[in-house]
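Remarks on the overall topology
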Amino acid sequence: GTAPRSPVHEYWGKFQGEDALFKVTATAGHIYSFDFGEEYNDWAKHGPEELFGAPIVRTFDGSGRLPEHLVNEAQGSHALVLWLDCDREGENICFEVMQNVLP
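Residues numbered from 1 in each chain as written. Predicted model: local features only at pLDDT ≥ 70, side-chain atom pairs only at ≥ 80, totals over all residues. Heavy atoms only, no water.

**With respect to the pairing of strand E1 (residues 9-15)**
Relative to strand E2 (residues 18-24), E1 is paired through seven bridges, and the arrangement is antiparallel. Note that in E2 the partner of Lys14 across the bridge is Asp19. (Pairing = 2+ DSSP bridges. Helix = DSSP H or I, 4+ residues; strand = E, 2+ residues; numbered from the N terminus.)

Structure, rendered in structure tokens:
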């Protein structure tokens, strides 16, 4: 795989009654982080009440190469099966993966 911390394990099995090559990898948590813009990093200049209306910036650690990894591994796939924690955070991670691999 492209991401050094997310190995890919492959095996053959059945999916919906058909032979299928399964490719299994992990995100090891969220792909993206959300933060306030740099102008809000100085708390001496901005009070907490300002953060309720402050713009949110989506970032990711490029060294992990996770978005690229997911795109590369999903190429040629016919189905995407996600298995994460059954809570809001797991649901959010599922949507992050889907944003990267679905057309």
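Structure's up, so let's keep going.
**Let's talk about the packing of helix H2 (residues 66-74) against helix H3 (residues 88-101)**
Running from N to C, H2 and H3 point in directions that differ by 65 degrees, and their axes come no closer than 8 Å. The two elements H2 and H3 meet at a crossing, and its hand is right-handed. Two secondary-structure elements touch here, H2 through Pro67, Leu70, Val71 and Ala74 and H3 through Val97, Asn100 and Val101. Split into classes, the residues belonging to the contact of H2 with H3 amount to six nonpolar, one polar and no charged. (Axes fitted to C-alpha atoms, helices over the stretch in contact; angles between N-to-C directions. Left-handed = near helix turned anticlockwise from the far one by under 90°. Contact = heavy atoms within 4.5 Å. Nonpolar A, V, L, I, M, F, W, Y, C, P; charged D, E, K, R; others polar.)

**Topic: H3**
For H3, which comprises 14 residues, the first-to-last C-alpha distance of 20 Å matches the rise-based estimate of 20 Å (1.5 Å per residue) to within 8%. Listed in full, the buried residues belonging to H3 are Gly90, Ile93, Cys94, Glu96, Val97, Asn100 and Val101. Considered in projection along H3, the buried side chains sweep an arc of 160 degrees and stay on one side of the axis. In H3, the exposed positions that point more than 90 degrees away from the buried face belong to Arg88 and Gln99. Structurally, H3 contributes buried residues whose contacts are with strand E3 (33-36) and H2. For H3, the N-terminal cap is Asp87; the gap from its side-chain oxygen to the backbone nitrogen of Glu89 is 3.3 Å. (Expected span 1.5 Å × (residues − 1). Buried < 20%, exposed > 50% of the residue type's maximum accessible area, 1.4 Å probe, protein only. Arc of directions from axis to C-beta. Polar contact = N/O pair within 3.5 Å; in protein donor to acceptor, adjacent residues only side chain to side chain.)

**Details of the side chain of Thr27**
Topologically, Thr27 is positioned in the loop between E2 and E3. Excluding anything up to four places from it in sequence, Thr27 contacts Leu66, Ile93 and Val97.

**Description of H2**
Turning to H2, its buried residues number three or more, namely Leu66, Pro67, His69, Leu70 and Glu73. Projected onto a plane normal to the axis of H2, the buried residues spread over an arc of 160 degrees and lie on a single side. Looking at the buried side of H2, the elements it contacts are E2 and H3. After H2 finishes, the residue Gly76 shows a positive phi value of roughly 80 degrees.

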